[in-house]
Amino acid sequence: MDFTFDEEQRLAAQSLRDLLTDHCQGGDLRRAADARDLPGFEAACATRRARLAELGLTGALVPAEQGGLGLGVVDFVLLAEEAGRAALPEPLIDVEGVAHPLLAALVWAAPGELDDRTLQETLAGSALVLSATPGTTMLANAAFAQYFLLGRSDDELALYRACDISLTHRESVDPLRRLSEIALTDAKPIALVTRSAAASAWQAARARSTVLNAAQLLGLGSRMLEIAVAYSLERKQFGKAIGSNQAVKHSLADVMVKLEFARPVVYAAAATLAPVRVAHAAVAAADAADRAARAAIQVHGAMGYSWEVDLQFYAKRAWALAGLNGGRSAQFSAVHHSLLRGELEAQWA
Amino acid sequence: MAIDLQYTPKQHALRAEARAWLEANVPREPLPSYDTAEGFEAHRRWESKLHSGRWSMVTWPQEYGGRGLDLIEWLIFEEEYYRVDAPGRVNQNGVFLFGPTLMEYGTSEQKSRFLPRLASGADIWAQVWSEPQAGSDLAALRTTAIRDGDDYVINGHKIWSTRAVYADWGFGLFRTDGASERHRGLSYVVVPLRTPGVTVRGIPQLDGESGFAEIFFENARVPVANRIGDEGQGWSIAMATAGFERGLMLRSPARFQRTAQRLIELYRREAQQAAPIDPGVAATVTQCWMDAEAYALSTYMTASRLIAGGSIGAEASLNKIFWSELDLSMHRAALAILGARAELRGLGGGEGSALAKAADEATRWMDGFLFSLAGPIYAGANEIQRSIIAERVLGMPKG
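Because the structure is a prediction, the values reported are computed rather than measured.

**Structural notes on the overall build of chain A**
Thinking step 1. Helix and strand counts for chain A stand at eleven helices and nine strands.
Thinking step 2. Since a compact globule built from 349 residues should have a radius of gyration of about 20 Å, the 20 Å found for chain A is in line with a globular shape.
Thinking step 3. Along the first, second and third principal axes, the C-alpha atoms of chain A reach 70 × 55 × 40 Å.
Thinking step 4. Burial analysis of chain A (349 residues in total) assigns 52% to the buried set.
Thinking step 5. If you take every contact in chain A between residues at least 6 apart in sequence, the share linking residues at least 24 apart comes to 71%.

Here you go:
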């Protein structure tokens, strides 16, 4: 029993934080958000994308025997938190934390249906793969991907080329989430996996996605808390910083309580990937980020309700992420049903 | 080492050993409340029993009767302790607050004088800090201990001392410099509670029992040898104790996990009855399980960090807010499920009629609820903790 991250895990997170400190500040986000069209958006993100590519995270969660780095979700959870902290527009977590290892798992489990050419292409960095669970029609950053792993049902998974499906741009409340609606009318997949391999690969991908979203929410919440504290020190009313008022202090202290008790839950979920822990992590992180967003907006007063403050980027990302993978409501229900079935005891083996 | 949430074989073995001993030794019937004279002595005997198995203070060094367990092993022991609903620790403040303080600040003479008797339950200890005008603002305390030869002469009035009605000793904070103000001029002095000049008067709590007391000092004399640490160093020693109190050890997660488990059992049983359960209560039960787990995971994470050489600081205040609100929330949910039965007072024993059983069950939840109301108040009210978090962790301005 050792509930601490190792040096390597911390250093990886630190290197991403350093990169994002240089290339993903409020001003960087605002330039992307203000872009008039897709080329403008891509131009605003170009430097950061290039730096991210140099970070060497491609294939991070792909097993080493398939040419990846062979890391686990627990090695990646702090990186997801950093991506959240910065409201990173790029799909680093969706690709490297979810879709890429899913592609590798399918190639491994069903080599007859899916050869490894696409995987070689994505590992080489010349193509991007994204994935969406069955029933998902809206996907962020789809415009930047060359391949899509899409669930047609719980045990049917298809790999498509971007040029074979139809993507329609849709606006998100988060100006940095480039959303596309996916339509598969007459689209022919380049591969189809239908056996139980698909079902278990899906399950694992969904768990990774849920945990890593929770980690991003944790990062977003922590960042919003920092922004709120900084503003409360800077903004003066009645001749003193508003942060010296107990009502403001206690509101932000409560945010910290929420965040700090969501944190170990998210880390434990990343380490175990146990279904109840994963669902719990989603609920705890969504609640903490929601509390952080509300408190931070309130502390900013009218500024908090304006387009002008960067706080909006983090709050809107949090609201968007909190709804994914069934959202807080489905995850809470999952925990509740485990409780009714008497399954909760097994969490401490 | 990366995160590994599996127990080691050694940890499993400790769990098995603790479980076997506890199952063989825990009293079959719950002991009477330790806030009664009879119950206090019964709990003292239990402390002595625990000591005979070397389970009374497992984290203490072996030389003082402990097992030298690390914090993770302590968590495992506590899980086993609460699993069998073992009796509350009447000497809790001695074990978790005074003992560690003495080990850090006491002389070797003081350690050998107090620790063995504390460990065996021969001496039960109470904290003697608060005063009528010094609660949250502890530094406003005015009770003096003025040097007279080899003695301190104590005068003043302490209050809200938990277990002090029947306890043998108090560890207190006194003003040894009569002209001093605030945090200066305070010393940490231990006082026998049955000595001339000391009058202890019980204060009935919400449950009707005298769980805490006020203490009047009129020219009570204690030897200077009863001072822990240097004269005038009392505040910093007391704050070290307060760190233990709010921090890890006083409220082990197992206690809340056990309550959450009982709440879930109650909920599942009642959910099978005809009367529907409010979906809001159902959601609260789920939230309580999650929060009890979060508290446990957080404690394991902190324990791992401390074992790896880290330290716990103002973030202890986060714990105190979290567990005290969780405890309240769990008991409120249980009372909501019990509905009209919640107000029934039982006689104990629980045998006989269905009503007697229901009354005993309700009493346990109601007494737990009444006790949980104290959680957000004692050891520094939660409002104080929120200010500590804001000022010392988030860096917001004082005032």
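Okay, back to it.
**Structural notes on the overall build of chain B**
Thinking step 1. Looking only at helices and strands, chain B has eleven helices and eight strands in total.
Thinking step 2. At 22 Å, chain B has a C-alpha radius of gyration in line with the 21 Å of a compact globule built from 399 residues.
Thinking step 3. Expressed along its principal axes, the backbone C-alpha trace of chain B runs to roughly 75 × 50 × 50 Å.
Thinking step 4. Expressed as a percentage of the 399 residues in chain B, the buried residues total 44%.
Thinking step 5. Pairs at least 24 apart in sequence give 71% of the contacts found in chain B among residues at least 6 apart.

**With respect to the interface of chain B and chain A**
Interface size is often expressed as the accessible area that is lost when the parts come together.
Thinking step 1. Each partner contributes to the interface: chain B provides 39 residues, whereas chain A provides 41 residues.
Thinking step 2. Those elements giving two or more residues to the side of chain B that touches chain A turn out to be α7 (253-271), α8 (279-307), α9 (316-338) and α11 (382-393) of chain B.
Thinking step 3. The biggest single contributor to the side of chain B that touches chain A is α8 of chain B, with 13 residues.
Thinking step 4. Grouping the amino acids of the side of chain B that touches chain A by side-chain chemistry returns 25 nonpolar, nine polar and five charged.

**Some words on the sheet that holds strand β2 (residues 138-140) of chain A**
Residues and elements named next belong to chain A.
Thinking step 1. Strands sit in the order β2-β6-β5 across an open sheet of three strands; the sheet is antiparallel. Here the strands that pair on one side only, and so sit at the sheet edges, are β2 and β5 (166-170). If you compare each strand with its neighbour and ignore which way they point, the axes differ by 35° on average.
Thinking step 2. Across five bridges, β5 lies against strand β6 (residues 179-183) in antiparallel orientation. Its bridge partner being in β6, Leu167 is matched across the sheet by Ile182.

**Some thoughts on the pairing of β6 of chain A**
A regular strand places its side chains so that they alternate between the two faces of the sheet.
Thinking step 1. Sheet topology places β2 of chain A next to β6 of chain A; three bridges connect them, and they run antiparallel. Each bridged residue has a counterpart across the sheet, and for Met138 of chain A the counterpart in β6 of chain A is Glu181 of chain A.

**Description of the sheet that holds strand β7 (residues 191-193) of chain A**
Residue and element names in this part refer to chain A.
Thinking step 1. Taking strand neighbours across the sheet as the criterion, the four strands line up as β1-β3-β4-β7 in an open arrangement whose pairing is mixed. Where the open sheet ends on each side, the last strands, each with one partner, are β1 (129-132) and β7. In this sheet, adjacent strand axes meet at a mean angle of 20° when their direction is disregarded.
Thinking step 2. As paired elements, β1 and strand β3 (residues 147-153) share four bridges and run parallel to each other. Bridging across to β3, Ala132 finds its partner in Leu150.
Thinking step 3. Helix α5 (residues 92-109) contacts β1, β3, β4 (156-161) and β7 of the sheet and is inclined by roughly 85° relative to β1.

**Here's the deal with the pairing of strand β2 (residues 144-148) of chain B**
Residue and element names in this part refer to chain B.
Thinking step 1. For β2 and strand β3 (residues 151-162), the ladder comprises five bridges, and the chain directions are antiparallel. Bridge pairing links Ala145 to Ile154 in β3.
Thinking step 2. Following β2, the chain reverses through two residues before pairing antiparallel with β3; Gly149 in that reversal takes a positive phi of roughly 65°.

**Topic: the environment of Val198 of chain B**
Residues and elements named next belong to chain B.
Thinking step 1. The topology assignment puts Val198 in strand β6 (residues 198-203).
Thinking step 2. Val198 gets classed as buried once you count the C-beta atoms within 10 Å, which come to 21.
Thinking step 3. If we ignore the near neighbours within four places in the chain, the residues touching Val198 are Val191, Leu193, Ile215, Phe217 and Ala220.

**What about the packing of helix α9 (residues 275-299) of chain A against helix α10 (residues 311-322) of chain A?**
All names here are of chain A.
Thinking step 1. Axis separation between α9 and α10 bottoms out at 10 Å; the angle between their running directions is 150°. On the basis of their axis angle, the class for α9 and α10 is roughly antiparallel. The hand of the α9/α10 crossing is left-handed. Here Ala286, Ala289, Asp290, Ala293, Ala296 and Ile297 of α9 come into contact with α10, specifically with Leu311, Ala315, Ala318 and Ala322.

**Things to note about the packing of helix α8 (residues 246-272) of chain A against α9 of chain A**
Residue and element names in this part refer to chain A.
Thinking step 1. As a packed pair, α8 and α9 sit with axes 8 Å apart at the nearest point and diverge in direction by 155°. Here α8 is positioned roughly antiparallel relative to α9, judged by the angle of their axes. Like other packed secondary-structure pairs, α8 and α9 cross with a definite hand, here left-handed. Taking contact as the criterion, the partners of Val248, Ser251, Leu252, Val255, Lys258, Leu259, Ala262, Val265, Val266, Ala268, Ala269 and Thr272 in α8 are, on α9, Arg277, Val278, His280, Ala281, Ala284, Ala285, Asp287, Ala288, Arg291, Ala292, Ala295 and Val299.
Thinking step 2. For the contact of α8 with α9, the class distribution of residues is 17 nonpolar, three polar and four charged.

Calculation criteria
Counting restarts for each chain, with residues numbered from 1 along the sequence as it is written. To read the labels, note that chains go from A and ligands from 1, taken in the order they are written. A pLDDT threshold of at least 70 governs which residues receive local features in this predicted model, and a stricter bar of 80 or more applies before side-chain atom pairs are shown or counted, although totals over entire chains, interfaces and linings include all residues. Labels follow the DSSP assignment, with helices taken as runs of H or I lasting at least four residues and strands as runs of E lasting at least two, numbered in each case from the N terminus. The size measure is the radius of gyration over C-alpha atoms, and the globule rule it meets is 2.2 Å times the number of residues to the 0.38 power. Using C-beta atoms placed from the backbone, we call a residue buried if 20 or more other C-beta atoms fall within 10 Å of its own, exposed if 12 or fewer do, and partly exposed for counts in between. Throughout, a residue-residue contact means that the two C-beta atoms, derived from backbone geometry, are no farther apart than 7 Å. Residues are grouped as follows: Ala, Val, Leu, Ile, Met, Phe, Trp, Tyr, Cys and Pro are nonpolar; Asp, Glu, Lys and Arg are charged; all remaining types, including Gly, are polar. By definition, two strands form a pair when at least two bridges between them are found by DSSP. To obtain an axis, a line is fitted to C-alpha atoms, over the contacting stretch when the element is a helix, and the angle between two such axes runs from 0 to 180 degrees between their N-to-C directions. Put simply, angles under 35 degrees are roughly parallel, angles over 145 are roughly antiparallel, angles from 65 to 115 are roughly perpendicular, and the rest are oblique. If you view the pair so one helix is near and one far, a crossing is left-handed when the near helix is turned anticlockwise from the far one by less than a right angle, and right-handed when it is turned clockwise.

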